[in-house]
Amino acid sequence: MANPTWILETRELTKRLGGKPVVNEVNLAIGRGEIYGFLGPNGAGKTTTIRMLLGLAKPTKGSVHIFGHDIRKERIQILRKVGSLVEYPSYYGHLSATENLEAVRRLLGVPKSRIGEVLSIVRLTKEADRAVKGYSLGMKQRLGIATALLGSPELLVLDEPTNGLDPAGIQEIRELIKSLPGSHGVTILISSHLLSEVEQMATRVGIIAKGSLIYQDGIQMLRERAKSRIRFGVSDPEAAWRLLLSHGYQADWDRRQLSVDRTDDRTVAAIVAQLVRQDHQVYRVEEETASLERIFLEMTGTEGSL
Amino acid sequence: MMLRLLSAEFLKIRKKLLWLLVALGPVGVVGLQAVNFGLRYDYLTKQYARDLWGGLITNVSLLALPAMFIGLAIVASMSAGIEHQTNAWKMTLALPISKRQAFGAKFLLNVLLLFVSCTLLVPFTLALGWALGFAAPIPAGELLRAAYYPFLACMPFVALQSWLSVTFANQALPLTVGIIGMIAAMFGSRFPDWMPWKWPLLVNAWHEPLYSVGLGLLLGAAVFLIGMLEFARKDVK
Ligand SMILES: Nc1ncnc2c1ncn2[C@@H]1O[C@H](COP(=O)(O)OP(=O)(O)OP(=O)(O)O)[C@@H](O)[C@H]1O
Ligand SMILES: [Mg+2]
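On a predicted model such as this, the values are computed, not experimentally measured, just so you know.

*Asks:* How should the overall build of chain B be read in this particular structure?
*Replies:* Broken down by element type, chain B carries 10 helices and zero strands. Beginning at the N terminus, the succession of helices and strands in chain B can be written as α-α-α-α-α-α-α-α-α-α. Over its C-alpha atoms chain B spans a radius of gyration of 19 Å, differing by no more than 12% from the 18 Å that the globule rule assigns to 237 residues. Each of the three principal axes of chain B carries a C-alpha extent, and together these read 60 × 40 × 30 Å.

*Asks:* Is there a simple way to explain the sheet that holds strand E9 (residues 187-192) of chain A in this structure?
*Replies:* Backbone hydrogen bonds are what pair the strands of a sheet, in a parallel or an antiparallel way. All names here are of chain A. Read from one edge to the other, the open sheet built from six strands follows the order E7-E8-E9-E4-E10-E11, with strand pairing classed as mixed. Both edges of this open sheet fall to strand E7 (82-85) and strand E11 (212-218), since each of them pairs with a single strand only. Looking at each pair of strands side by side, their axes are set apart by 15° on average, direction ignored. Alignment of strand E8 (residues 155-159) against E9, held across five bridges, turns out to be parallel. When the sheet's bridge partners are listed, Leu156 is paired in E9 with Ile188. In this fold helix H1 (residues 46-53) packs onto strand E4 (35-39), E8, E9 and strand E10 (204-209), with an angle of close to 150° to the strand it touches most, E9. Strands E7 and E8 of the sheet are contacted by helix H5 (residues 137-149), whose axis makes an angle of about 165° with E7.

*Asks:* Got a minute to help me understand the environment of A:Thr187 in this structure?
*Replies:* Residues and elements named next belong to chain A. Mapped onto the fold, Thr187 is located in strand E9. Assessed through its relative accessible area of 0%, Thr187 is described here as buried. Along the chain, Thr187 and Tyr36 lie 151 residues apart, while their C-alpha atoms are 8.0 Å from each other. Apart from residues lying up to four places away in sequence, Thr187 is in contact with Ile7, Ile30, Gly31, Arg32, Gly33, Glu34, Glu154, Leu155 and Leu156.

*Asks:* Hey, could you run me through the domain arrangement of chain A in this one?
*Replies:* Interface extent is often summarised as the accessible area lost during association of the parts. For chain A, the domain assignment lists domain 1 (6-224) and domain 2 (228-289). The C-alpha-based centres of domain 1 of chain A and domain 2 of chain A are spaced at 47 Å.

*Asks:* How should I be thinking about the packing of helix H2 (residues 18-39) of chain B against helix H4 (residues 52-84) of chain B in this particular structure?
*Replies:* All names here are of chain B. Viewed as axis vectors pointing N to C, H2 and H4 meet at an angle of 155°, and their least axial separation amounts to 9 Å. In terms of axis orientation, H2 runs roughly antiparallel to H4. For the pair H2 and H4, the crossing hand works out as right-handed. In this structure, H2 contributes Leu18, Leu21, Val29, Leu32, Gln33, Asn36 and Phe37 to the contact, and H4 contributes Gly55, Leu56, Asn59, Val60, Leu63, Ala64, Ala67, Gly71, Ile74, Val75, Met78 and Ser79. Per-class residue counts for the contact of H2 with H4 are 13 nonpolar, six polar and no charged.

*Asks:* Teacher, can you tell me more about the state of the cysteines here?
*Replies:* Among covalent bonds in proteins, the disulfide is the one between the sulfur atoms of two cysteines. This model, assessed by the stated rule, comprises zero disulfides over all chains. For B:Cys118, which is in no disulfide, the shortest distance to another cysteine sulfur is to B:Cys154 and amounts to 7.9 Å.

*Asks:* Explain the environment of A:Ala146 here, please?
*Replies:* All names here are of chain A. By secondary structure assignment, the location of Ala146 is in helix H5. Owing to a relative accessible area of 0%, Ala146 belongs among the buried residues under this scheme. With 31 residues separating them along the chain, Ala146 and Ile115 place their C-alpha atoms 8.4 Å apart. Ignoring any residue separated from it by four or fewer positions in sequence, one finds Ala146 in contact with Leu101, Val118 and Val122.

*Asks:* Would you mind showing me how to read the sheet that holds strand E15 (residues 282-288) of chain A here?
*Replies:* All names here are of chain A. In space, the four strands of this open sheet follow the order E13-E14-E12-E15, with antiparallel pairing throughout. Both outer strands of the open sheet, strand E13 (251-253) and E15, are each paired with one neighbouring strand and no more. Mean inter-strand twist for the sheet, computed between neighbouring axes without regard to direction, equals 25°. Note that E13 and strand E14 (residues 258-261) share three bridges and pair antiparallel. Following the sheet pairing, Ala251 is matched in E14 by Val260.

*Asks:* Please explain the UniProt feature "transmembrane region" (unreviewed entry) in chain B as it appears in this structure.
*Replies:* Residues and elements named next belong to chain B. Per the UniProt record, the feature "transmembrane region" (unreviewed entry) sits at residues 55-82, 107-135, 147-166, 173-191 and 211-232. Measuring from the first to the last C-alpha atom of residues 55-82 gives 40 Å, for a span that is 100% helix and 0% strand. As annotated, residues 173-191 comprises 74% helix and 0% strand, and the C-alpha atoms at either end are separated by 24 Å.

*Asks:* It is not clear to me how the packing of aromatic side chains should be interpreted in this structure. Could you clarify?
*Replies:* Aromatic ring pairs are defined here through the distance separating the ring centres and the angle between the ring planes. Scanning the entire structure with this criterion turns up 12 aromatic pairs over all chains. Ring-pair connections join several aromatic residues into one group, and the members of that group are B:Trp89, B:Phe103, B:Phe107, B:Phe224 and B:Phe231. Residue placement shows A:Lys81 over the ring face of A:Phe67; its charged tip is 4.5 Å from the ring centre. Over the aromatic face of A:Tyr88 sits the side chain of B:Lys90, whose NZ or CZ is 4.4 Å from the ring centroid.

Conventions we followed
- Residues numbered from 1 in each chain as written.
- Chains lettered and ligands numbered in written order.
- Predicted model: local features only at pLDDT ≥ 70, side-chain atom pairs only at ≥ 80, totals over all residues.
- Heavy atoms only, no water.
- Helix = DSSP H or I, 4+ residues; strand = E, 2+ residues; numbered from the N terminus.
- Rg over C-alpha atoms; globule rule 2.2 N^0.38 Å.
- Pairing = 2+ DSSP bridges.
- Axes fitted to C-alpha atoms, helices over the stretch in contact; angles between N-to-C directions.
- Contact = heavy atoms within 4.5 Å.
- Buried < 20%, exposed > 50% of the residue type's maximum accessible area, 1.4 Å probe, protein only.
- Domains from an automatic or database assignment.
- Parallel < 35°, antiparallel > 145°, perpendicular 65-115°, else oblique.
- Left-handed = near helix turned anticlockwise from the far one by under 90°.
- Nonpolar A, V, L, I, M, F, W, Y, C, P; charged D, E, K, R; others polar.
- Disulfide = S-S within 2.5 Å.
- UniProt positions renumbered as here; feature names shortened; annotations may be inferred.
- Phe/Tyr/Trp six-rings, centres within 6.5 Å; stacked < 30°, edge-to-face > 60°.
- Lys NZ or Arg CZ within 6 Å of the ring centre and 35° of its normal.

This is the structure in structure tokens:
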């Protein structure tokens, strides 16, 4: 039986395509009300995983449980409470936004009033009667989100919803997504290839690289990995490093810079005093913070590959 | 559920040339016969002197058959193309509907559109007959049989074209199959009885059109079932 604390849980989820595992034994676990950031570089297997979550593709191995039910056995009941946007938005270009939503509404069987509601949530009301093929990418993206919201889902699965948008568009969609769990009690899975994009809204993140899930925990844990260091600019760093070590400080010298783990003011002052006493010239004492993005790049091993 | 799916299908083909095509098919067929009978009025009325209406219906059917083959290929391709264009399959099939029903709805839509086309043949043929001054009585039975028997005997091809068109995003293959079908249908009378392309002509060794209709319905159901199961089994692109 699936663990009831998770709204979505996969076990050893695997998909082989063209002979190689594109998604490899992935164990996702998402709790109710979370905004789960599903991160990974291009080609990591995010979309393939999401397709399996929605029953669009069959896993080669492993299982998907949503709301505690197996997607293979109860796909339709599960999908009644799931809204999704996969890869790029799909729409019927010759129809207006209202007609597009109506086509989906007829399949969901929700009241007609929902169309107006979701249009206003994504702020498309004014443009609703224009043919969608004339929409900008951002508007199409917003229509995609409106379609996903139409059935008042308990779980919203959004695959790179800000792909191809300008900074203002990204900001707008981010605000929209952030407002959903609060006002509607929705659980959200949002994929992205940029940590910075979900950093401000995700409560938990899963990082996938080359098909394998390499990290899954609170965003806070990830921030801790990005803890800062104190860097010293001195006249003879190598000698200074030996001096600090001999006095019991955990200093690092990597031929470019001398640094210690972030520590309290008193210790920093003691280190400086020690250096000055031994006639080292101290040019700077700086605090340096590794960005989350840097950690993400190091974890996914894509640094320098671009 | 099936009704909801169908109503969504009909909404999606709004503002598309599909409806125009559905009307244009029978208009073209009857229009060409109007030209034929107009130009060769004396010759044809002499040839069919004993049964003017029968002669007209035979001629309309002769043209309607290849038109039906190519028309249904285009209709199936266009109704599937609506989904292929922005790969809307991944949106539709992530909704709480069964893949079998989604396939069934596309097939049914194509059947209904073809049904409308075949139905339109009846009033158009009648109008032409009256315009040519053919006298009563109108052979109603013969006219209805000419409109609907080939339609029913054509079911294997409706199922096949529906299946091919939803399976391949590139419509070149399904349309080629449709064109081959059209050509085959024109030479159908030379084929042996077991060839499905012959069935819509309603000609068989027993001189019983209903046998052709029955065979068409049976094979149509079989092709539909295979296509539906295959569509449901496959991963969505
Ligand atoms: N039909 C296929 N046959 C073989 N390999 C495939 C097939 N479809 C996808 N792949 C491979 O699967 C991998 C994962 O693709 P996927 O679309 O899931 O990545 P993604 O994480 O969504 O990437 P992106 O950020 O670019 O959207 C890619 O390396 C891709 O080349
Ligand atoms: Mg992707």
